[in-house]
Amino acid sequence: LGDRHLSNILYDRRTSELVQIDYNVCFDKGWGLAVPETVPFRLTPVFVRALGPLGASNGTFRAALAHALRTSRARAGLLGDTLRGCFESDPLPSFGRNGDSSSAGGGYSSPDASTMLSRAAAKLAGLAPPPWDCKSHGEIPRADDDFARASWLISLATDERRLAAMFEGWSAWV
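Residues numbered from 1 in each chain as written. Predicted model: local features only at pLDDT ≥ 70, side-chain atom pairs only at ≥ 80, totals over all residues. Heavy atoms only, no water.

Peer 1: Teacher, can you tell me more about the overall build of the protein here?
Peer 2: A tally of regular secondary structure across the protein gives six helices and two strands. Its helices and strands in sequence order give the protein the pattern β-β-α-α-α-α-α-α, from N to C terminus. In the protein, which comprises 174 residues, the proportion classed as buried is 29%. Across the protein, the fraction of contacts at a sequence separation of at least 24, relative to all contacts at a separation of at least 6, is 52%. Just so you have it, the protein exposes about 10400 Å², and 58% of that area is on carbon and sulfur atoms. (Helix = DSSP H or I, 4+ residues; strand = E, 2+ residues; numbered from the N terminus. Buried < 20%, exposed > 50% of the residue type's maximum accessible area, 1.4 Å probe, protein only. Contact = heavy atoms within 4.5 Å. Areas by Shrake-Rupley, 256 points an atom, 1.4 Å probe, with all protein chains shown as cover.)

Peer 1: Help me understand unusual backbone geometry, please; the structure alone is not making it clear to me.
Peer 2: The phi dihedral of Ser16 falls on the positive side, at around 65 degrees, and the residue is not glycine. For Ser16, the position within the fold is in the loop between β1 (9-12) and β2 (17-20).

Peer 1: Where do I start with the pattern of salt bridges in this structure?
Peer 2: Oppositely charged side chains may form a pair once their charged atoms are brought near each other. Taken as a whole and assessed by the stated rule, the structure comprises six salt bridges. The salt bridge involving Asp146 is made with Arg73; its shortest N-O contact spans 2.7 Å. Of this pair, Asp146 sits in helix α5 (residues 146-157) while Arg73 sits in helix α2 (residues 60-74), placing them 73 residues apart in sequence. Judged by relative accessible area, which is 7%, Asp146 ranks as buried. Here Arg73 falls in the partly exposed class, since its relative accessible area comes to 26%. Between Arg162 and Asp159 there is a salt bridge, with the nearest N and O atoms lying 3.8 Å from each other. By relative accessible area, Arg162 is classed as buried at 10%. On the basis of relative accessibility, which here comes to 9%, the residue Asp159 falls in the buried class. (Salt bridge = Lys/Arg side-chain N within 4 Å of Asp/Glu carboxyl O.)

Peer 1: Just to check I follow, could you spell out the pairing of β1 for this structure?
Peer 2: Side-chain positions along a regular strand alternate between the two faces of the sheet. Where β1 meets β2, four bridges bridge the pair, whose relative direction is antiparallel. The partner of Asp12 across the bridge, within β2, is Glu17. The turn linking β1 back onto β2 is made up of four residues, and Ser16 within it adopts a positive phi angle of 65 degrees. (Pairing = 2+ DSSP bridges.)

Peer 1: How should the side chain of Asp146 be read in this particular structure?
Peer 2: A polar contact is formed between the side chain of Asp146 and the side chain of Arg73, at a distance of 2.7 Å. Contact partners of Asp146, with chain neighbours within four places excluded, come to Ala66, Leu69, Arg70 and Arg73. (Polar contact = N/O pair within 3.5 Å; in protein donor to acceptor, adjacent residues only side chain to side chain.)

Peer 1: Looking at this model, I keep getting lost on the environment of Arg42. Mind explaining?
Peer 2: Considering the arrangement of structural elements, one finds Arg42 in the loop between β2 and α1 (45-50). On a C-alpha basis, the gap between Arg42 and Ala157 in space is 6.0 Å, while along the polypeptide they are 115 residues apart.

Peer 1: Just to check I follow, could you spell out the nonpolar core for this structure?
Peer 2: Generally speaking, a soluble globular protein has its nonpolar side chains buried in company with each other. Counting residues in each nonpolar core, the largest one holds 12 residues, listed as Leu43, Ala56, Leu65, Ala66, Trp132, Cys134, Ala150, Trp152, Leu153, Ile154, Leu156 and Ala157. Breaking this core down by element, the ones donating at least two residues are α2 and α5. Examining the composition of this core, we find that six residues originate from one element, α5, more than from any other. If near-sequence neighbours (up to four positions away) are discounted, Leu153 is found in contact with Pro40, Phe41, Leu65 and Leu69. (Core = buried A, V, L, I, M, F, W, Y, C linked by side-chain atoms within 4.5 Å.)

Peer 1: Mind showing me how you'd approach the side chain of Thr38 here?
Peer 2: With respect to the helices, strands and loops of the structure, Thr38 is situated in the loop between β2 and α1. For Thr38, a relative accessible area of 15% translates into the label buried. The contacts of Thr38, once residues within four sequence positions are left out, are Trp132 and Arg162.

Peer 1: How do you make sense of α5 when you look at a structure like this?
Peer 2: Owing to its 3.6 residues per turn, the α-helix aligns residues three or four sequence positions apart on the same side. Between the first and last C-alpha of α5 there are 16 Å, a value that for 12 residues agrees with the 16 Å anticipated at 1.5 Å per step. Those residues of α5 that sit buried are Asp146, Arg149, Ala150, Trp152, Leu153, Ile154, Leu156 and Ala157. Taken together, the buried residues of α5 touch α2 and α6 (160-164). (Expected span 1.5 Å × (residues − 1).)

Set out below in structure tokens:
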């Protein structure tokens, strides 16, 4: 998911839950924006401080991310089938149905949807490096090295140079 900022999070006062909204910039769409997203996910200094004394690089957050990577890879087929089913019943507006956003019925046949599903599968297999330069963060760890990959993603997501270059409306300094 891209375009994650405080204006895209709703707070339910009744249940105290946070609800993510506005999924227009997802599935790598952020890479093609006029001011591209160059982080794998938004992990700003304020969010890191909210994780407590161990921050993001150590402790629970990294362990949870490593677990999520391992589980996602192990269930890649189920995730792909779920996404495919979602796009057949309720595709993103930019995908359209049968390649035409005005047509009713049918499944997803838009090249965008097919590309997104292929890219998601490649990411889970560790075969899809980001399109931006990551050399300053070392080699991309193997897909099956969950803790190394989690650490690498965290280092990209917390890179102040990358955060500073993001679209100012996304409040990356927060």
